[in-house]
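As a plain string of letters, each chain reads:
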Amino acid sequence: RAQCDLEGTWINELNSNMTLSKAEGNGLFSGVYNTRVSLMNTTIITSPLVGYQQSLKEPTIGFTVNWKFSGSITSWVGQCFHTPQGDPFLVTTWLLRSQVGKVEDTWTSTRVGQDVFFRIM
Ligand code: B9F
């Protein structure tokens, strides 16, 4: 079975999508992220992404999005797997850090969750 190729467009259970470049030889990749949810009445803007993948058949991965419509950052870590049909999917856990006005509010600053991505293109 071929190594999981991250290049292309992926969609998750929230209907967010991301388009990733082919990873460089050192595992570095980049892309853009369109979230379908934001919890705010702001205009959602396509935001840039960078990440790393290990060079394994079902690689561990990590990537970070710098949200262009807020002061927040989300990082995902996870792994690529293949369905019995051979289609790749990404199982990830994320942390979303919001900016807070003062250090005492740090306890309110971080959300956690899981996203599963399937390739659509
Ligand atoms: O909603 C986030 C945000 C930050 C400050 C105002 C709005 C940015 C978008 C995060 C999208 C998350 C989900 N989308 C997805 O595909 S990233 C992990 C999930 N996977 C309101 C105040 C602070 C946080 C939310 Fe905000």
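Up top is the structure.
What counts and what doesn't
- Residues numbered from 1 in each chain as written.
- Predicted model: local features only at pLDDT ≥ 70, side-chain atom pairs only at ≥ 80, totals over all residues.
- Heavy atoms only, no water.
- Helix = DSSP H or I, 4+ residues; strand = E, 2+ residues; numbered from the N terminus.
- Rg over C-alpha atoms; globule rule 2.2 N^0.38 Å.
- Buried < 20%, exposed > 50% of the residue type's maximum accessible area, 1.4 Å probe, protein only.
- Contact = heavy atoms within 4.5 Å.
- Lys, Arg positive; Asp, Glu negative; His and termini not counted.
- Charge placed at Lys NZ, Arg CZ, Asp CG, Glu CD.
- Core = buried A, V, L, I, M, F, W, Y, C linked by side-chain atoms within 4.5 Å.
- Pairing = 2+ DSSP bridges.
- Axes fitted to C-alpha atoms, helices over the stretch in contact; angles between N-to-C directions.
- Near = heavy atom within 4 Å.
- Polar contact = N/O pair within 3.5 Å; in protein donor to acceptor, adjacent residues only side chain to side chain.
- Nonpolar A, V, L, I, M, F, W, Y, C, P; charged D, E, K, R; others polar.
- 1 Å grid on protein atoms, 1.4 Å probe; cavity = no way out; pocket = protein on both sides within 12 Å on 5 of 7 lines; lining within 4 Å.
- Points joined across faces, edges and corners; volume = space filled by probe spheres on them.

Draft legend 1. Focus on the overall build of the chain. Within the chain, the regular secondary structure consists of 0 helices and 8 strands. Put simply, the chain runs from its N terminus to its C terminus through helices and strands in the order β-β-β-β-β-β-β-β. Computed over the C-alpha atoms, the radius of gyration of the chain is 15 Å, within 12% of the 14 Å expected from 2.2 N^0.38 for a compact globule of 121 residues. Across its three principal axes, the chain shows a C-alpha extent of roughly 50 × 25 × 25 Å. Each of the 121 residues in the chain was classed as buried or not, and the buried ones make up 37%. Sequence separation of at least 24 residues holds for 36% of the intrachain contacts in the chain that already meet a minimum separation of 6. Distance between charge centres in the chain, computed from 9 positive and 9 negative side chains, equals 2 Å.

Draft legend 2. Molecular detail of the nonpolar core. Judged by nonpolar contacts, the single largest core of 19 residues is most densely connected at Met18, Tyr33 and Phe63. Of all the elements in the fold, those that place two or more residues in this core are strand E2 (17-20), strand E3 (28-34), strand E5 (60-66), strand E6 (73-82) and strand E7 (88-97). Apart from residues lying up to four places away in sequence, Phe63 is in contact with Met18, Phe29, Tyr33, Leu49, Val50, Gly51, Thr74, Ser75, Trp76 and Phe117.

Draft legend 3. Region of the structure containing the sheet that holds E6. The 8 strands are arranged E1-E2-E3-E4-E5-E6-E7-E8 in a closed barrel whose pairing can be described as antiparallel. Along the sheet, successive strands turn relative to each other by an average axial angle of 30°, direction set aside. The sheet contact formed by strand E1 (residues 8-12) and E2 spans 4 bridges and is antiparallel. The residue bridging Ile11 from the neighbouring strand is Asn17, located in E2.

Draft legend 4. Structural context of the site of the ligand. As a matter of local geometry, the ligand sits amid 20 residues, with Ser16, Tyr33, Ser38, Ser72 and Asp115 nearest to it. The contact in question runs from an oxygen atom of the ligand to an N or O atom on the side chain of Asn12, over 3.1 Å. Between the ligand and Thr35, the relevant distance is 3.0 Å, taken from a nitrogen atom to a side-chain nitrogen or oxygen of the residue. Where the shell around the ligand is concerned, the elements lending two or more residues are E6, E7 and strand E8 (110-119). The class makeup of the residues in the shell around the ligand is 10 nonpolar, 8 polar and 2 charged.

Draft legend 5. Structural view of the layout of surface pockets. Quantified by volume, the largest pocket comes out at close to 510 Å³. Lining of the largest pocket is provided by 22 residues; of these, Val37, Ser38, Leu39, Leu96 and Arg111 occupy positions nearest its centre. Secondary-structure elements contributing two or more residues to the lining of the largest pocket are E6, E7 and E8. Classifying every residue of the lining of the largest pocket by side-chain character gives 10 nonpolar, 10 polar and 2 charged.

Draft legend 6. The environment of Thr93, seen in detail. Position of Thr93 among the secondary structure elements: in strand E7. Thr93 gets classed as partly exposed once you look at its relative accessible area, which sits at 31%. Counting along the chain gives 20 residues from Thr93 to Gly113, while the straight-line C-alpha distance between them is 5.7 Å. When neighbours within four sequence positions are excluded, Thr93 is seen to be in contact with Ser75, Trp76, Val77, Val112, Gly113 and Gln114. Here Gln114 takes part through its side chain, which lies 3.3 Å from a polar atom of the side chain of Thr93.

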